Every structure is written in structure tokens, then in C-alpha cells.
Amino acid sequence: MNQTSYSTEEILELVKECGSGDEKALQKFFDHYSQDIYNFPIRVFHLTEDDASDYYIYAFERLKSGKRFRSFVGKSSFKTWFFSVLRNLLIDWQRTKREVKTQTISKVNQEGKEYSTIEDEPDKRADALATALDVSDQFQSVLSTIKLENRIVFKLSFIYYLHLDPEELGFIAEKTQRPEAEIRTEVLKLREDLSSREEENLKMEDKITSLYLNILDLKEQKKQKAQGDSVEAQYYKERLDHALAKKYEQRKKLIEKKQKGHFLVRTPYREIARILGISEGGVSVTLLRVLEKMQKKMHSIAGES
């Protein structure tokens, strides 16, 4: 949080004023906690700074009326409540970010340049989008150089994110002696089945956030109950330290899984083998070779730029 701290009474009063829609109180709140709102998705969900900027705008738009502040009644610490609100907003934003229209919170100055109404600074999202599109173009360009049958194995492995083009569908139809329409229907069904895995991934993301909030709550309890040398304080300290260590370890393991790509939706080898009429071992070997080749080419492009 901000270096300047508020007492419990001051927080209660500020939140109460925000809940009533007091503009000065809301301005005071955002002046004090804006950095925490921005940093939350970076620290908790390990998102990029570009995503954090978009999330900040999303959260600001939903907090600025003050209505959400009415749910804070002081039963938990303000920090625990606040991060719970940010967590719920972040989950909502992740599920709907494709539909969020950033134009509603931007203006154009006399020189024709777009700027943010919140920060009153030039909007850098266009540059970020250009960079993302450039990387996407590079990826598609590299993928197009992969031999057709191997490219199809790769695309089917990540069919939740990628699409087969007419040439690729035609190749599968010819290889398996089946109608293209049948294959197209089968691929669409596969993508629908994989969507449940994406839901599981969202739950795992949710679990990372939940553990983070649990850690915050345990730290707060430790601050309140485990101070001093009394027998009771030592008892609470030992119990809370054990609980904290367990939560840290659980969160660490989930983050490691995420960083290794375990939260990506990947098609089981048996499904790819069934569609293409090849062995699961053949799918595994082909995919490994394609990944290695693509990584080398992407690194080569990055080194040239």
C-alpha cells in the first residue's frame, strides 16, 4: 500500500464517504490506492504491465461510483476486503476483456491524439497493440514455413487457440478418406470439449489469488495475535507460521505450473492421433520437432530485430 498509512478509524470514515458517492473522498481514495490497483494483477496473476494498465481502467470504471464500498463493514481488515474486491474485478475482467471497449474512457485532443481521461497522459496502448500484432505476425509467418502435415499436428495440439485453414482441412480429408464437413464438425466438437479445461485453468488462476488473500489474512492475524512473549502469543505464532508456510508452498507450486505452461489448453495426443489416423507416439515426436524448429526461428527473428 501507499507509504502514508491511515488509522482504522480513518479508513472506515473514508470508505463510508466513498460509499455515499462523495467525489472528494473517492478522489482521495484513488490518489492513495491507485498504485495498488495497478500492481495487483502483476503481483497476484503475474500479468504484463500492458494488461495491468487495461485492468486499472476496468477497475476504476467500476469503483468510481462508490457503490462497491458499501460492502465494507469493518468485519475484516480493510486490506483483506480491498484485495477481495480487486480479485473479483480481475476475474470478471479476464473473462470479459475481449468485450471491453476502451474508447469509452478516452478522448482526443486538438492535435488529434488520443489520451486517457484517468491519467491524462498519452495512450500507449496503440504501441502495445502494434507490438503484439508484430509478434503474432512473426508467429504466423514462422508457422507457415513448417511442413503441412507437421503444421497440422501443431495446430491440432493447440486447436483451442488456432484454426485449420481450407488447405489443412483438405489434407486431413484426403489422408483419412473422410468428408471435410465431418472433420470440421469433429474439430468444432473438440474445441467445445476443451473449453471445460479452460474453465479449470480459470479456477487455478482463481486459486492463486485465493491463496494470496489467505496469506494476507494470516499475516494480519499474526500481527494482531502473535506479538510479545506470552504463551498464547507463541502458540499463535507457531500455528500461523505453519499455516503461512503451507500457503506459500501451495501458491509457489501453482505459479510454477503456470510458468511451465500447464495452464495452456492442449489437445490430448490420443485425440490428434484419432483424427489423423496416426500413432500417439508419432504425434508426440512430430510436436516436439515442430516446437524446437519454431523456437529457433522465433529466436532468430528476435535476434535480427
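Summary of the structure given here.

The rules behind these values
Residues numbered from 1 in each chain as written. Predicted model: local features only at pLDDT ≥ 70, side-chain atom pairs only at ≥ 80, totals over all residues. Heavy atoms only, no water. Helix = DSSP H or I, 4+ residues; strand = E, 2+ residues; numbered from the N terminus. Buried < 20%, exposed > 50% of the residue type's maximum accessible area, 1.4 Å probe, protein only. Contact = heavy atoms within 4.5 Å. Areas by Shrake-Rupley, 256 points an atom, 1.4 Å probe, with all protein chains shown as cover. Salt bridge = Lys/Arg side-chain N within 4 Å of Asp/Glu carboxyl O. Patch = residues over 30% accessible without salt bridge, like charges linked within 9 Å, V, L, I, M, F, W, Y side chains within 5 Å. Lys, Arg positive; Asp, Glu negative; His and termini not counted. Charge placed at Lys NZ, Arg CZ, Asp CG, Glu CD. Phe/Tyr/Trp six-rings, centres within 6.5 Å; stacked < 30°, edge-to-face > 60°. Core = buried A, V, L, I, M, F, W, Y, C linked by side-chain atoms within 4.5 Å. Axes fitted to C-alpha atoms, helices over the stretch in contact; angles between N-to-C directions. Left-handed = near helix turned anticlockwise from the far one by under 90°. Nonpolar A, V, L, I, M, F, W, Y, C, P; charged D, E, K, R; others polar. Parallel < 35°, antiparallel > 145°, perpendicular 65-115°, else oblique.

**Details of the overall build of the chain**
Right, on to step 1. For the chain, the count of helices and strands is eleven helices and two strands.
Right, on to step 2. Secondary structure elements in the chain, listed N-terminal to C-terminal, are α-α-α-α-β-β-α-α-α-α-α-α-α.
Right, on to step 3. Each of the 305 residues in the chain was classed as buried or not, and the buried ones make up 36%.
Right, on to step 4. Across the chain, contacts joining residues at least 24 apart in sequence account for 64% of those joining residues at least 6 apart.
Right, on to step 5. As displayed, the chain offers around 19000 Å² of accessible surface, 49% of which is attributable to carbon and sulfur atoms.

**Focus on the pattern of salt bridges**
Right, on to step 1. Scanning the entire structure with this criterion turns up 13 salt bridges.
Right, on to step 2. Residue glutamate 182 pairs with arginine 178 through a salt bridge whose shortest N-O separation is 3.2 Å.
Right, on to step 3. Classification of arginine 178 by relative accessible area gives partly exposed; the value is 21%.
Right, on to step 4. Residues arginine 274 and glutamate 271 are paired through a salt bridge, measuring 2.5 Å at the closest nitrogen-oxygen approach. Highlighted residues: arginine 274 and glutamate 271, both in helix H10 (residues 269-276), separated by three residues, approximately one helical turn.

**Quick notes on a positive patch on the surface**
Right, on to step 1. A cluster of basic residues, Arg43, Lys79, Lys219 and Lys223, forms a positive patch at the surface.
Right, on to step 2. Among the structural elements, arginine 43 can be located in helix H2 (residues 23-44).

**Digging into the environment of leucine 26**
Right, on to step 1. As for its position among the elements, leucine 26 is in helix H2.
Right, on to step 2. For leucine 26, a relative accessible area of 6% gives the class buried.
Right, on to step 3. Residues leucine 26 and valine 15, eleven residues apart in the sequence, show an inter-C-alpha distance of 8.5 Å.
Right, on to step 4. Setting aside residues no more than four positions away along its own chain, leucine 26 makes contact with Cys18, Gly21, Leu63, Lys64, Ser65, Gly66 and Phe69.

**Focus on the packing of aromatic side chains**
Right, on to step 1. Under the counting rule described, the total for this entry stands at 15 aromatic pairs.
Right, on to step 2. Between the aromatic rings of phenylalanine 82 and phenylalanine 83, the centroid separation amounts to 6.1 Å while the plane-to-plane angle is 45°, which identifies the pairing as tilted. The same class applies to phenylalanine 82 and to phenylalanine 83, which are both buried.
Right, on to step 3. In this structure an aromatic cluster arises from ring pairing among Phe29, Phe30, Tyr33, Phe40, Tyr56, Phe60, Phe69, Trp81, Phe82, Phe83 and Tyr212.

**What to know about the nonpolar core**
Right, on to step 1. Among the nonpolar cores identified, the biggest contains 37 residues, and Phe29, Ile37, Phe40, Tyr55, Phe69, Phe78 and Phe82 are the most heavily contacted of them.
Right, on to step 2. A total of ten residues in this core trace back to one element, the largest contributor, which is helix H4 (residues 78-96).
Right, on to step 3. Look past the residues within four positions of phenylalanine 78 in its chain and what remains in contact with it is Ile11, Val15, Phe29, Tyr33 and Phe72.
Right, on to step 4. The next biggest cluster of nonpolar side chains, apart from the first, holds 28 residues, and it includes Ile159, Val187, Val265 and Met294.

**A look at the packing of H2 against helix H3 (residues 49-63)**
Between two packed helices, what matters for the description is the angle formed by their axes and the separation of those axes.
Right, on to step 1. Two elements in contact, H2 and H3, have axes whose closest approach is 9 Å; the angle formed by their N-to-C orientations is 140°. Here H2 and H3 pass one another in a crossing that is right-handed. Taking contact as the criterion, the partners of Leu26, Phe30, Ser34, Ile37, Tyr38, Phe40, Pro41 and Ile42 in H2 are, on H3, Glu49, Ala52, Ser53, Tyr55, Tyr56, Ala59, Phe60 and Leu63.
Right, on to step 2. Of the residues in the contact of H2 with H3, the class split is 13 nonpolar, two polar and one charged.

**Re unusual backbone geometry**
Right, on to step 1. One non-glycine residue, glutamine 177, adopts positive backbone phi at about 55°.
Right, on to step 2. For glutamine 177, the position within the fold is in the loop between helix H7 (166-176) and helix H8 (180-225).
Right, on to step 3. Using a relative accessible area of 67% as the deciding quantity, one classes glutamine 177 as exposed.

**Some points on the side chain of serine 157**
Right, on to step 1. Within the secondary structure, serine 157 is located in helix H6 (residues 148-157).
Right, on to step 2. A relative accessible area of 1% means that serine 157 is categorised as buried.
Right, on to step 3. Beyond its immediate sequence surroundings of up to four residues, serine 157 is in contact with Val265, Arg266, Thr267, Ile272 and Leu287.

**Focus: the packing of H6 against H7**
Right, on to step 1. Where H6 contacts H7, the two axes come as close as 10 Å, and the packing angle between them is 100°. Here H6 is positioned roughly perpendicular relative to H7, judged by the angle of their axes. Contact residues: H6 offers Leu148, Glu149, Arg151, Ile152 and Lys155, while H7 offers Glu167, Glu168, Phe171 and Ile172.
Right, on to step 2. Residues that form the contact of H6 with H7 fall into these classes: four nonpolar, no polar and five charged.

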